[in-house]
Amino acid sequence: MGNYTREEVLQIAEDEDVEFVRLQFTDMFGTMKNIAVTVRELPRALNNEFTVDASFIAGVAEDREPDLYLCPDPATFTILPWRPQQGKVARMMCDLYKADGTAYMSSPRYILKKITDLAKAEGYTCYIDTECEFFLFHADDNGMPTTITHEKAGYLDMSPMDLGENARRDIVLNLEDMGIEVQSSHHETAPAQHEIDFKNGEVDEMADRVMTFKMTVRTIAKRHGLHATFMPKPRAEVNGSGMHISFSLFKNGRNIFENPENPKELSQEAYYFIGGLLAHSREMALVTNPLVNSYKRLVPGYEAPTELTWTKNNQNSLVRVPIARKGDTRIEMRSPDAASNPYLVFALCLAAGLDGINKKIEPAEASNCSDSDYEVPVAEVENLPGNLKEAIDLFEQSSWMEEILGKKFCEKYAASKKKEWLKYTRQVTEWEIENYLYRI
């Protein structure tokens, strides 16, 4: 994605023989939506003249004025490399606006911008990089997804054991063609599980990249006869998939997590940022881990966090500090899963970290547990919610969540999740697989 201006978008569309442009946005749960316009209508689209009837879009339905204007962001213009090379297809991410010209405040993209603007007002610029995990399963004879795989590959294994290597390579090449820089990719610990890591970028642009990444993974996997899913725990006997997020915070051109006096240690601001993440992680869980299935991943023994601990040496902690220091000092949040809405997750994590800095929230002493003894409970340490119902209760009790997301947004989000929980308790496995595997 090239940070183009309006005029540059129009010129590129002409030069590259673009015929269709997808105007994309997400609902409150991070599901991608779009309308497609012909290139003839592109000037109108860039003038914010297209509307959508949002009556059936999660988070907007039941509003009195459901018609919303799509306001494309020219900086996100990119040609989809897997579409025809004659009569090409491009896309732009859009903000949502009301008829009176004001931003639709329940838009996830708006919520993230609001938090990044607050951070910049305090002099901070947040950079993140993500580690996104997913599964590549077989489809059945009718093209429908399954949880079946014939491979036995494990962590960092290669072909011929890694049967998804070609698909993963094509995913990376398509991402690079769209200007999304990939640091690395590899097979993960579970059979058919993969990970792709992005080069870091500013937090708001990274949310757009994650949404583009999900679209790309699903599209390329299908072309290889596979089904890609970001379901947190599609198979009970193996590890689930997370979306680990590493944060670094810059002020006046310096990474404030770095401790110049002792390069091996963290700065005081870094400890406060950790304190904020730990303090708010329980009430954030309904957003960072939004599905019934999310809490089947967050159990001991499968390299996923359960306790509100942080450490410098344990892959299973809620918050981990990678070994890199100086300008690369980062703080990693390990609870979110890739089924979540990245705009909301990034907004909440940044807001929580800044709250920790502003209120000088000291984290508890770092855990010294190694990976091997992580399943031993730590005395007097709180846990993440154990299921979706507990997460809903914590979310609804939180005035801080209303402050960040807005009261109206929180009410709609919680109401939808309550319906999800009720459906699950009545139909259990059948409902879970049918609704998660096919759409996540």
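Above this note sits the structure.
In this report, the structure presented in the accompanying data block is examined. (Residues numbered from 1 in each chain as written. Predicted model: local features only at pLDDT ≥ 70, side-chain atom pairs only at ≥ 80, totals over all residues. Heavy atoms only, no water.)

1. Side note on the overall build of the protein
As a reminder of what qualifies: Note on conventions: DSSP H or I runs of at least 4 residues are helices, E runs of at least 2 residues are strands, and numbering of each starts at the N terminus. Each residue's exposure class comes from its accessible area (1.4 Å probe, protein chains only) as a fraction of the maximum for that residue type: buried when under 20%, exposed when over 50%, partly exposed otherwise. The method behind every accessible area is Shrake-Rupley, applied with a 1.4 Å probe, and residues are considered shielded solely by the protein chains displayed. Here the positive residues are Lys and Arg and the negative ones are Asp and Glu; neither His nor the chain ends is included. Each charge is placed at NZ for Lys, CZ for Arg, CG for Asp and CD for Glu.
A tally of regular secondary structure across the protein gives 11 helices and 16 strands. Each principal axis of the C-alpha atoms in the protein carries an extent, and together these give about 65 × 50 × 45 Å. The 440 residues of the protein split such that 55% are buried. As displayed, the protein has an accessible area near 19,200 Å², and 47% of this comes from carbon and sulfur atoms. When the 49 positive and 69 negative side-chain charges of the protein are each reduced to one mean point, those points stand 3 Å apart.

2. Remarks on the pairing of strand β2 (residues 32-38)
The side chains of a regular strand alternate, residue by residue, between the two faces of the sheet. Our working definition: Should DSSP find at least two bridges between two strands, the strands are taken to pair.
Here 7 bridges tie strand β1 (residues 18-26) to β2, and the two strands are oriented antiparallel to one another. Within β2, the residue paired with L23 across the bridge is I35.

3. Quick word on helix α6 (residues 268-288)
Filter applied, for reference: Expected span of a helix, by definition, is 1.5 Å for each gap between consecutive residues, and there is one gap fewer than residues. Working definition for bend: take the seven residues up to and ending at a residue and the seven starting at it, fit an axis to each, and measure the angle between the axes.
In this model, α6 (21 residues) spans only 26 Å end to end at C-alpha, well below the 30 Å of a helix rising 1.5 Å per residue. R282 marks where α6 bends most, by close to 70 degrees. Most of α6 is tucked away: 17 of the 21 residues are buried.

4. Quick notes on the environment of H150
Secondary-structure assignment places H150 in the loop between β7 (124-138) and α4 (165-177). Owing to a relative accessible area of 59%, H150 belongs among the exposed residues under this scheme. Each C-alpha atom, one on H150 and one on H244, is 27 Å from the other, the two residues being 94 residues apart in sequence.

5. Considering the packing of aromatic side chains
Put simply, the rule reads: Aromatic pairs are defined between Phe, Tyr and Trp rings, using the six-membered ring for Trp, whenever the two ring centres lie within 6.5 Å; interplanar angles under 30 degrees are classed as stacked, those over 60 as edge-to-face, and all others as tilted. Any Lys NZ or Arg CZ that is within 6 Å of a ring centre and within 35 degrees of that ring's normal is treated as a charge sitting over the ring.
Applying the stated criterion across every chain yields a total of 14 aromatic pairs. A centroid spacing of 5.9 Å and a plane angle of 50 degrees characterise the contact between F247 and F273, whose relative ring orientation is tilted. Here F247, found in strand β12 (residues 243-251), pairs with F273, found in helix α6; they are 26 residues apart in sequence, far enough to count as distant. Over the aromatic face of Y124 sits the side chain of K251, whose NZ or CZ is 4.8 Å from the ring centroid.

6. Side note on the nonpolar core
Just so we agree on the cut-off: Only buried residues count toward a nonpolar core, which is a set of Ala, Val, Leu, Ile, Met, Phe, Trp, Tyr and Cys residues joined through side-chain atoms within 4.5 Å. Note on definitions: a residue-residue contact is assigned when non-hydrogen atoms from the two residues lie within 4.5 Å.
Counting 94 residues, the largest nonpolar core has L249, F346 and L405 as the members making the most contacts within it. Per-element accounting of this core gives the leading share, 12 residues, to helix α8 (residues 342-359). Apart from the residues within four sequence positions on either side, L405 is in contact with I111, V287, L344, L348, F395 and C410. Membership of the second largest hydrophobic core comes to 23 residues, among which are V9, V37, F50 and C94.

7. Looking at unusual backbone geometry
For the peptide bond that leads from S159 to P160, omega is 10 degrees, which places it in the cis range. Residue N48 is not a glycine yet carries a positive backbone phi of 65 degrees. Tracing the backbone shows N48 in the loop between α2 (42-46) and β3 (51-53). Positive phi is not limited to glycine here, since A192 has a value of about 75 degrees. Under the relative-accessibility criterion, A192 is labelled buried at 0%.

8. Comments concerning the pattern of salt bridges
Under the convention used in this document: In the sections that follow, a salt bridge refers to a side-chain nitrogen of Lys or Arg positioned within 4 Å of a carboxyl oxygen of Asp or Glu.
Throughout the structure, instances matching the rule amount to 23 salt bridges. Taking the shortest distance from any N to any O, the salt bridge between E332 and R320 comes out at 2.8 Å. Of this pair, E332 sits in strand β16 (residues 331-333) while R320 sits in strand β15 (residues 319-320), and the two are 12 residues apart along the sequence. As far as the burial class goes, E332 and R320 line up, both buried. Via salt bridges that share partners, D73, D95, R109, K113 and D208 belong to a single interconnected network.

9. Points about α8
Note the threshold: Definition of a polar contact: a pair of N or O atoms within 3.5 Å, with one able to donate and the other able to accept a hydrogen when the atoms are protein atoms, and with sequence-neighbouring residues admitted only if both atoms are side-chain atoms.
Helix length check: α8, at 18 residues, gives a terminal C-alpha distance of 25 Å against a target of 26 Å (1.5 Å per residue), a fit within 8%. Burial runs high along α8: 16 of the 18 residues are buried. Where α8 begins, one side-chain oxygen reaches toward the backbone nitrogen of Y343, 3.1 Å away; that side chain belongs to N341. A positive phi of about 55 degrees marks K360, the residue just after α8.

10. A look at the state of the cysteines
To be explicit about the condition: By convention in this document, the label disulfide applies to cysteine sulfur atom pairs within 2.5 Å.
Per the counting criterion, the structure on display carries 0 disulfides. Free cysteine: C126, not disulfide-bonded; nearest cysteine sulfur from C349 at 9.3 Å. By relative accessible area, C126 is classed as buried at 4%. Here C132 stays unpaired: no disulfide links it, and the sulfur of C349, its closest cysteine neighbor, is 13 Å away.

From the geometry alone we can't say anything about function, so treat these as descriptive.
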